[in-house]
Amino acid sequence: MGGSSTIVDAINFVNTASSQRIEPGSVNLPPAPWPAHFKTEPTSDQVTKIAANVVDTVNNHFDKVPDLFLDSQDGFWRDHLALTWDLRTLKGKDKIRNFLQAEAQVKKVPLQIQIDESQAFRKPQVGGFAPVNGLRGIQFFITFTSQNGKGRGVVRLVQEHKTEEWKIWTFFLTLDEYRGHPEPKGPNRPKGVEHGGQPGRMNWAQKRQEEINFTKNEPDVLILGCGQGGLTAAARLKMLGVSSLIIDRNPRIGDNWRNRYHQLVLHDPVWYDHLPYLPFPDHWPIFTPKDKLADWFDSYAKALDLNVWLRSTIVSSEYDNARKSWKVVIRRSFVKSSRPSATSSSNPPTAGAPAATQVEEEIEHMELTVYPKHIIQCTGGSGKPNMPTSIPGITGGVFKGDRLCHSSQFTTATPLAKRGSKKAIVVGACNSSHDICQDFYERGYDVTMVQRSSTFVVSSSAALKYLIGPLYSEGGPAVEDADLFLWSHPSEVLKTLQQDLTKLTIEHDAELLAGLDRAGFKLDKGVDGAGLFAKYLQRQGGYYIDVGTSKLIVEGKIAVKSGVGIAAVVENGLKMEDGEVLEADEIVFATGYSNMRSTAREVFGNEQVGDKVGDVWGWNEEGEMRGIWTRSGHEAFWFHGGNLALARYYSRVVALQIKASLDGLL
């Protein structure tokens, strides 16, 4: 470790305003200080007694609960729909007391908790809190019942340095089951058949077709987008008995992944990416190729009987405040007939490209009107592609090369017979840029990456070992337990944890990062030094999980132009602000995406939705996410998105709120 520390000390990590950038209008909460270490480790009997005291106070002396929290520094109460129909994080005794006395719905049905001893991972125990300084404390899982339903939680206690009393540092509750409505799974699964003589009854396939077409009723919820957001939301709603209809403009479920660039493979491991109710099978690869994921999405929708209309787009929408429902006109398209194209046999696919049969289709269109009570926009965690149109020459056909596009339009490069016979430039320095640069390199291009601002880089091995592996790994906790444990950290505490973990990943990757530094690639440590998770949750970008491209940069096989702005697009490439012209046959702008709100404006209009919803992503003043997975600012309109892990956990949060709204509870 000493050698890697010396290497790290020599790396020039950038700490500028751009490296600390977060979503505009969001709040950059400071990392919470680590509490003091305990003086003497408690015995197992003492741990059991301390946990039992917490349970007794919550169940029998609720007004005394705030006194259980730390005095020497702020403790946290995080509540995801347990005591209100909102996502809240309260910091400090005064705010916790005010919340529990004035806002929590506990008068009709008091909060009751129990220690969860069903598995060793959940039982009261002394556990590690801080990876670097070794802070340890008491933690245990709980189950609860409240007015809203049933759920689970996690409690962490630390010892006050002066009094040596054990006090709550973090207390987390999240609703799992809507009151009186257990999910129809396991012992509650549907029977699936109606025995006896029933002339004229429909079979399963006929019933499914009727459900999909909504011939007899209206969907409670209309979901826009059939990626992981739309599918997980629909699955959760179905388990709550809420009907939903997903619409997507693509011809097939999963096309939002299939249509992305050729080499795309998920950078997150399989254990982190399971979908609710139907996890990936045990033989699934650790890192999922995009087309395999797309096929899984298709299977998932069919297995869970989700209602999907493909080739469908919104023509118009209007919310009726009096009726509390939407009127949405949908243009739904069908393939009337298809046949192999006349050119499909004479024009084989380019070498290295995926084989595909060319088909000519005759499309039939119809307009249908539905009246859902809610809409969920699930068109991805971001909004429209962010093409920097302010750069002179980027439009108007100035560039005379083969291709100029945004990364969302890039599929793959054409293999070259001779290496270096063509040049490519990729603008941007995060995940997509690196993957596209590697694709160009592997197909024989001379490639230059234009880095506009610094990037946090972590190797895939370091991310697995330190950031994801401790919770999500082969033989690790059940994914529901891992999710509960992860989100039980208030954002300020999570940020402190990530600071420690980022130090470990940087030590692990010291030689790689030093090589990037020598190559002129600008590195940073993330917002407040909190690395990958802070970059994602506070900015939704600015990082790269290395799966091989960094080595190509270190070895000089991919060139980097960093720290210099683009002056203009010219006919043969990019003119930089230092006067250099980078020549190119192809230019790809991997420049990210705008806020999800931009898609809402495009689809639903400014007056109808766009001007009423708030910005999406980044933390609010309590550390909960803005605009997404909670009320958006427009009645009965919701945003849902993020990576597969976020979609898995927060899909339940969104579905439970919609169910409560349909029942008149919010």
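Throughout, residues of each chain are indexed from 1 in the direction in which the sequence is written. Reporting in this predicted model follows two pLDDT cut-offs: at least 70 for local features of residues, and 80 or more for side-chain atom pairs to be given and counted; totals over whole chains, interfaces and linings ignore these cut-offs and use all residues. Excluding hydrogens and water, the side-chain figures rest on all heavy atoms present in the structure.

## A word on empty space enclosed by the protein
Here's step 1: The pocket and cavity definitions rest on a 1 Å grid over protein atoms only: a 1.4 Å probe that fits but cannot leave marks a cavity, an open set with protein on both sides within 12 Å along at least five of seven lines marks a pocket, and residues lining either have an atom within 4 Å of a point. Grid points are joined across faces, edges and corners, and a volume is the space filled by probe spheres set on the points. Counting across every chain of the model gives four cavities of 30 Å³ or more.
Here's step 2: Considering only enclosed or pocket space, the largest cavity measures out at about 110 Å³ in volume.
Here's step 3: R152, T174, L175, D176, R236, E480, D483, L484, R648, Y649 and R652 together form the lining of the largest cavity.
Here's step 4: The helix count covers DSSP runs of H or I at least four residues long, the strand count covers runs of E at least two residues long, and both are numbered beginning at the N terminus. Among the elements of the structure, β7 (166–178), α10 (479–487) and α17 (644–662) are those that each provide at least two residues to the lining of the largest cavity.

## Quick notes on the environment of V8
Here's step 1: Tracing the chain through its elements places V8 in helix α1 (residues 2–10).
Here's step 2: Each C-alpha atom of the pair V8 and H508 lies 9.7 Å from the other, and the pair is 500 residues apart in sequence.
Here's step 3: Contacts are assigned to residue pairs with any non-hydrogen atoms lying within 4.5 Å of each other. Residues contacting V8, with those up to four places away along its chain left out, are F13, I506, E507 and A510.

## Quick word on the domain arrangement of the chain
Here's step 1: Annotation comment: domain bounds sourced from an automatic or database domain assignment. Considered domain by domain, the chain is made up of domain 1 (44–178), domain 2 (207–334 + 362–382 + 594–663) and domain 3 (403–589).
Here's step 2: Summarising the inter-unit geometry, the C-alpha centres of domain 1 and domain 2 are found 33 Å apart.
Here's step 3: Across the boundary between the two partners, domain 1 contributes 14 residues, which contact 16 residues of domain 2.
Here's step 4: A 1.4 Å probe defines the accessible area here, and the buried area is the portion of it lost by two parts on being joined, summed over both. Summing both partners gives a buried area of about 1300 Å² for domain 1 against domain 2, and 51% of it is carried by carbon and sulfur.
Here's step 5: Per-residue buried area on domain 1 facing domain 2 is highest for W85, L87 and Y178; these three make up 44% of the total on that side.
Here's step 6: Here R88 and E622 are joined by a salt bridge, their closest N and O atoms 2.8 Å apart.
Here's step 7: Polar contact is the term for a pair of N or O atoms within 3.5 Å; when the atoms are in protein, one must be able to donate a hydrogen and the other to accept it, and sequence-neighboring residues count only if both atoms are side-chain atoms. Our count for the domain 1 to domain 2 interface comes out at eleven residue pairs in polar contact (both at pLDDT 80 or more).
Here's step 8: Counting residues per element, the side of domain 1 that touches domain 2 draws most heavily on β7, at five residues. When a carboxyl oxygen of Asp or Glu lies within 4 Å of a side-chain nitrogen of Lys or Arg, that pair is called a salt bridge.

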